[in-house]
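If you want the building blocks of each chain, they are given just below.
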Amino acid sequence: MRSVTYSMGASFDGYIVGPDGNFDWTVPDKDVFRFWIDEIRQVGVHLLGRRLYETMLYWETADQDRSLDEAELEWVALWNPLPKVVFSTTLSAVQGNARLASGGLAEEIERLRAEPGEGEIAIGGATLAAEAAALGLIDEYRVMVHPVLVGGGIPFFPRHERRVDLELVETRTFSSKFVYLRYRVASAK
């Protein structure tokens, strides 16, 4: 069965966006960007909330930007053909290889898990991930910790009244600055 992963960058104090809505501190260095390129190769379909979808729209036409380096062009070549499902109550259409979700999150994930296909079901966006976590649908949490304290904003980790035990799968340090943590949801005992 395909696993569901939630993976994003976060500040050291646990936020994906600061209290002012700014996330300029999330710009990855060369090694971290290479890591994200390698990670996206493992994804079969990406589920996005509206805000993340709109942020990522840049990549739909980025290949026309002559200033992109080789790694950025490689990202575009992987990201654009990747199937995406966008969850939004305000959008009426989406671009690229994306479709609007036709059902609820649990229904979409159940359908995607049942379909033949390779690669993980990746969730992007804290609001969407919080809904998936509350439903017990996330198999792995992956966070790239950035060396900054932003003091508030949108939290990486969903806030709900349920304990979730995790097993450490992987840690990695980049440029002695960024730390990647990968945890699998522990099986019920």
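Just above sits the structure.
Peer 1: Looking at this structure, how should I read the overall build of the protein?
Peer 2: Counting its regular elements, the protein contains six helices and 10 strands. Relative to the 2.2 N^0.38 estimate, which gives 16 Å for 189 residues, the radius of gyration of the protein is 16 Å and therefore close to what a compact globule would have. Principal axes of the C-alpha set define a box for the protein whose edges measure 50 × 40 × 30 Å. When burial is assessed residue by residue, the protein has 41% of its 189 residues classed as buried. Within the protein, contacts between residues separated by at least 24 positions form 70% of all contacts whose residues are at least 6 apart in sequence. Between the averaged position of the 20 positive side-chain charges in the protein and that of its 28 negative side-chain charges there is a distance of 3 Å.

Peer 1: Just to check I follow, could you spell out the packing of aromatic side chains for this structure?
Peer 2: As enumerated under the stated definition, the model contains 12 aromatic pairs in all. Ring geometry for Phe 33 and Trp 75: centres 6.1 Å apart, planes at 45°, overall tilted. Residue Phe 33 is located in helix H1 (residues 30–40), and its partner Trp 75 is located in helix H4 (residues 70–79); the two are separated by 42 residues in the primary sequence. Per residue, the accessibility class of Phe 33 equals that of Trp 75, and both read buried. Judged by centre distance (6.3 Å) and plane angle (65°), the ring pair of Trp 59 and Trp 75 falls under edge-to-face. Of the two residues, Trp 59 sits in helix H3 (residues 58–61) while Trp 75 sits in helix H4, which places them 16 residues apart along the sequence. Judged on exposure class, the residue Trp 59 and its partner Trp 75 are both buried. Taken together, Phe 33, Tyr 58, Trp 59, Trp 75 and Trp 79 form an aromatic cluster joined through their ring pairs. The cationic tip of Lys 84 hangs over the ring face of Trp 79; the distance from NZ or CZ to the ring centre is 4.8 Å.

Peer 1: What is the right way to read the packing of H1 against H4 from this model?
Peer 2: For any two helices packed against each other, the geometry is given by the interaxial angle and the distance between the axes. Running from amino to carboxyl end, H1 crosses H4 at an angle of 20°, the nearest separation of the two axes being 10 Å. The angle between H1 and H4 places the two elements in the roughly parallel class. Of the two elements, H1 crosses H4, and the hand of that crossing is left-handed. In this structure, H1 uses Phe 33, Arg 34, Trp 36, Ile 37 and Ile 40 to contact H4, whose residues at the interface are Ala 71, Glu 72, Glu 74, Trp 75, Leu 78 and Trp 79.

Peer 1: It is not clear to me how the pattern of salt bridges should be interpreted in this structure. Could you clarify?
Peer 2: One side chain can pair with another of opposite charge once the charged atoms of both are near each other. Here the structure, examined in full by the defined rule, presents 17 salt bridges. Residue Arg 41 is joined to Glu 74 by a salt bridge in which the shortest nitrogen-to-oxygen separation is 2.1 Å. Remark: Glu 74 occurs in helix H4 and Arg 41 occurs in the loop between H1 and strand E3 (43–49); sequence separation between them is 33 residues. Given a relative accessible area of 22%, Glu 74 falls into the partly exposed group. Linking Glu 140 and Arg 142 is a salt bridge whose minimum nitrogen-to-oxygen distance equals 2.6 Å. Like Arg 142, Glu 140 is buried. The structure contains a network of salt bridges with shared partners spanning Glu 39, Glu 120, Glu 140, Arg 142, Glu 167, Glu 170, Arg 182 and Arg 184.

Peer 1: How do you make sense of the environment of Pro 28 when you look at a structure like this?
Peer 2: Here Pro 28 lies in the loop between strand E2 (15–17) and H1. Residue Pro 28 is classed as partly exposed on the basis of its relative accessible area, which comes to 30%. Taking the C-alpha atoms as reference points, Pro 28 and Gly 9, separated by 19 residues in sequence, lie 9.0 Å from one another.

Peer 1: I keep staring at the nonpolar core and nothing clicks. Help me out?
Peer 2: If you look at soluble globular proteins, the nonpolar side chains tend to sit buried side by side. Of all hydrophobic cores here, the largest spans 26 residues; its most connected members are Tyr 6, Leu 47, Ile 123, Ile 138 and Phe 156. Residue assignment for this core shows that the elements contributing at least two residues are strand E1 (4–11), E2, E3, strand E4 (84–87), helix H5 (105–114), strand E6 (120–124), helix H6 (126–134) and strand E7 (140–146). Ignoring sequence-local partners within four residues, the contact set of Ile 138 consists of Val 4, Tyr 6, Ile 123, Ala 129, Ala 132, Ala 133 and Val 185.

The rules we used
- Residues numbered from 1 in each chain as written.
- Predicted model: local features only at pLDDT ≥ 70, side-chain atom pairs only at ≥ 80, totals over all residues.
- Heavy atoms only, no water.
- Helix = DSSP H or I, 4+ residues; strand = E, 2+ residues; numbered from the N terminus.
- Rg over C-alpha atoms; globule rule 2.2 N^0.38 Å.
- Buried < 20%, exposed > 50% of the residue type's maximum accessible area, 1.4 Å probe, protein only.
- Contact = heavy atoms within 4.5 Å.
- Lys, Arg positive; Asp, Glu negative; His and termini not counted.
- Charge placed at Lys NZ, Arg CZ, Asp CG, Glu CD.
- Phe/Tyr/Trp six-rings, centres within 6.5 Å; stacked < 30°, edge-to-face > 60°.
- Lys NZ or Arg CZ within 6 Å of the ring centre and 35° of its normal.
- Axes fitted to C-alpha atoms, helices over the stretch in contact; angles between N-to-C directions.
- Parallel < 35°, antiparallel > 145°, perpendicular 65-115°, else oblique.
- Left-handed = near helix turned anticlockwise from the far one by under 90°.
- Salt bridge = Lys/Arg side-chain N within 4 Å of Asp/Glu carboxyl O.
- Core = buried A, V, L, I, M, F, W, Y, C linked by side-chain atoms within 4.5 Å.

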